[in-house]
Amino acid sequence: MTQTAVRVRFAPSPTGELHVGGARTALFNWLFARQHGGAFILRIEDTDQARLVGQSIAGILESLRWLGLEWDEGPDVGGPYGPYIQSQRLELYQQHARWLVDHGYAYYCFCTPERLEQVRKERLARGEPPGYDRHCRWLPPEEVAERLERGEQAVIRFKMPLEGETVIVDLLRGEIAYDNRVLQDLVLLKSDGFPTYHLANVVDDHFMQITHILRAEEWIPSAPLHAQLYRAFGWEMPVLCHLPVILSPDGKGKLSKRHGATSVLEFKRQGYLPEAMVNYLALLGWAYDDKQEIFSREELLEKFRLEDVNPHPARFNFEKLAWMNQYYINHVLTLDELTARCIPFLQEAGLLPPEASDPASPAFAYAREVLALVKDRLKTLAEAPDLTRFFFTDVEDYDPSLLVPKKTEPAQVLQALERAMATLEGADFTSETDLEARLRGLAEELGLKAGQLFMPIRVAVTGRTVSPGLFETLRVLGRERSLERLAAAREKLAAYLGTLAWSTPSGQ
Ligand code: GLU
């Protein structure tokens, strides 16, 4: 028995950034291809010139590469069935549209937009579904020839059978039957010579030898026309598999920008990891069992089964994605990997120089030490600059009152800061144990609770009341910077006390 190799395609239209729904379609195609030793083809469907958005092809390629969904054939990489951009294949579609006309499967339609609008209104008024009344389907051939000869504008429409049924078979849903009487004679070729989605999609799937079509559920209504086109051409239809719709978190409608980020590149900018995105997207419509949620790419390749995709709508859950991202940051990435991923965000925030990208650079090594301290709290890479800023630049200006913990006198804090400087002067800054022992000793000596001493020091060296552990922070900052910041804090507090004394001369 000969087995045809699996060939699947992802066929986005470049109308903007790649949406997570499109990315999920691409992922399922990619997984299916890789599991079957098949080919994953990328085809750009840019025939609807009015909806094109410049730069979106580049953005789509970038998104797919970022997710690690490499294609075997497509723009950039080429392949035996190219070109893979539809606007470069117009001739092929035009030939096939003419073939359909010549063989009685399609016809020229000269109806003007005004007439179509009129027909639409009339049909609606009669309570019929809007659509075309097939006026030109019945024009005498001589009239058609003559009007074409005169150069009259025409589109080519498909002749849908007027009775009977068109049955499509969906891998997840089984047979879906359509009464041909409700189907339309849709346009295949526009008057400007561009094909519609239907014609280009079918012709390309055939010539690119696609075996399985995995695409979004919204394309199901197009499938009967496609089935009829395959029949007219005498071609075998690929296996159809429509993937479930992705709904908003509340399940009330399709996921859209109103609900949060929806584009892959937006998630990238927000500091999500491609690993977490891929893992999360795989679960939009598919589950292995009711327990396992974390799947590495290798596990997905092993466990994913297209047949097990649930055709019911899937809800997009931003919290779950964020949880997953944090999981990958905390438990999956090595510290070196995390550092490399955070560096672009730190550079973007002006906290690191370009050379930090080099893993052999001292700046990289330093960032690595810093990130080790905040790793557990990072939910996205984009949070790294805010959490670590004070390790890379001076502390931001802070309110001196932050230096004074509750139930502590400002004068005590002033003294504590002074003594802390003296104590830390002699400390071993490579040892958190030494730093801790000294500062605990000092607290005791001064008759302060640990927190009463540690809080002012924390605020002094970080400018904040919440930071990574104090001793590790001191260790990473080092002696010089720590002492400088303590001295500055002492000045700040002294000045603040001076102001206080001056504004309340009677002394509180
Ligand atoms: N160009 C269509 C889209 O952007 C492709 C649909 C299909 O895969 O057939 O969704």
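Residues numbered from 1 in each chain as written. Predicted model: local features only at pLDDT ≥ 70, side-chain atom pairs only at ≥ 80, totals over all residues. Heavy atoms only, no water.

Asker: Summarise the sheet that holds strand β3 (residues 106-109); cite the residues concerned and give the values.
Answerer: Two pairing modes exist for strands in a sheet, parallel and antiparallel, and in both the strands are linked by backbone hydrogen bonds. Strand order in the open sheet made by the three strands is β3-β4-β7, with antiparallel pairing throughout. Since the sheet does not close on itself, it has two edges, and those belong to β3 and β7 (187-189), each with one partner. Each strand axis lies, on average, 45 degrees off the axis of its neighbour in the sheet, ignoring direction. Sheet analysis places β3 next to strand β4 (residues 155-158), joined by four bridges and oriented antiparallel. Among the inter-strand pairings, Ala106 is bridged to a residue of β4, identified as Phe158. Relative to β3, helix α3 (residues 90-102) is tilted by about 105 degrees, and along the sheet it contacts β3, β4 and β7. (Pairing = 2+ DSSP bridges. Helix = DSSP H or I, 4+ residues; strand = E, 2+ residues; numbered from the N terminus. Axes fitted to C-alpha atoms, helices over the stretch in contact; angles between N-to-C directions. Contact = heavy atoms within 4.5 Å.)

Asker: How would you sum up the environment of Arg419? Please name residues and give values.
Answerer: As for its placement among the helices and strands, Arg419 is situated in helix α15 (residues 410-425). The class of Arg419 is partly exposed, set by a relative accessible area of 30%. Considered as a pair, Arg419 and Leu446 are 27 residues apart in the sequence and their alpha carbons are 9.1 Å apart. For Arg419, the residues in contact, after removing those within four places along its chain, are Leu442, Glu445 and Leu446. (Buried < 20%, exposed > 50% of the residue type's maximum accessible area, 1.4 Å probe, protein only.)

Asker: Outline unusual backbone geometry, supporting the account with residue identities and numerical values.
Answerer: Cis geometry is adopted by the peptide bond preceding Pro83, which originates at Gly82 and carries an omega value of -5 degrees. On the secondary structure map, Pro83 appears in the loop between α2 (56-67) and α3. Residues other than glycine seldom take positive phi values, yet Gln209 does so here, at roughly 55 degrees. Residue position: Gln209 is located in the loop between α6 (197-207) and β8 (212-216). For Gln209, a relative accessible area of 43% gives the class partly exposed.

Asker: Could you give an account of the packing of aromatic side chains, with specific residues and numbers?
Answerer: Scanning the model with the defined rule gives 21 aromatic pairs in all. Relative to Trp235, the ring of Tyr230 has its centre 6.5 Å away and its plane inclined at 70 degrees; by these criteria the two rings are edge-to-face. Note on Tyr230: relative accessible area 2%, which makes it buried. The buried category is assigned to Trp235, whose relative accessible area is 16%. When the centroid spacing of 6.3 Å and the interplanar angle of 25 degrees are considered together, the rings of Phe267 and Phe318 count as stacked. Of the two residues, Phe267 sits in helix α8 (residues 264-269) while Phe318 sits in helix α11 (residues 318-332), which places them 51 residues apart along the sequence. For the pair formed by Phe267 and Phe318, the shared burial category is buried. Connected via pairs of aromatic rings, a cluster forms that spans Trp99, Tyr105, Phe207, Tyr230, Phe233 and Trp235. (Phe/Tyr/Trp six-rings, centres within 6.5 Å; stacked < 30°, edge-to-face > 60°.)

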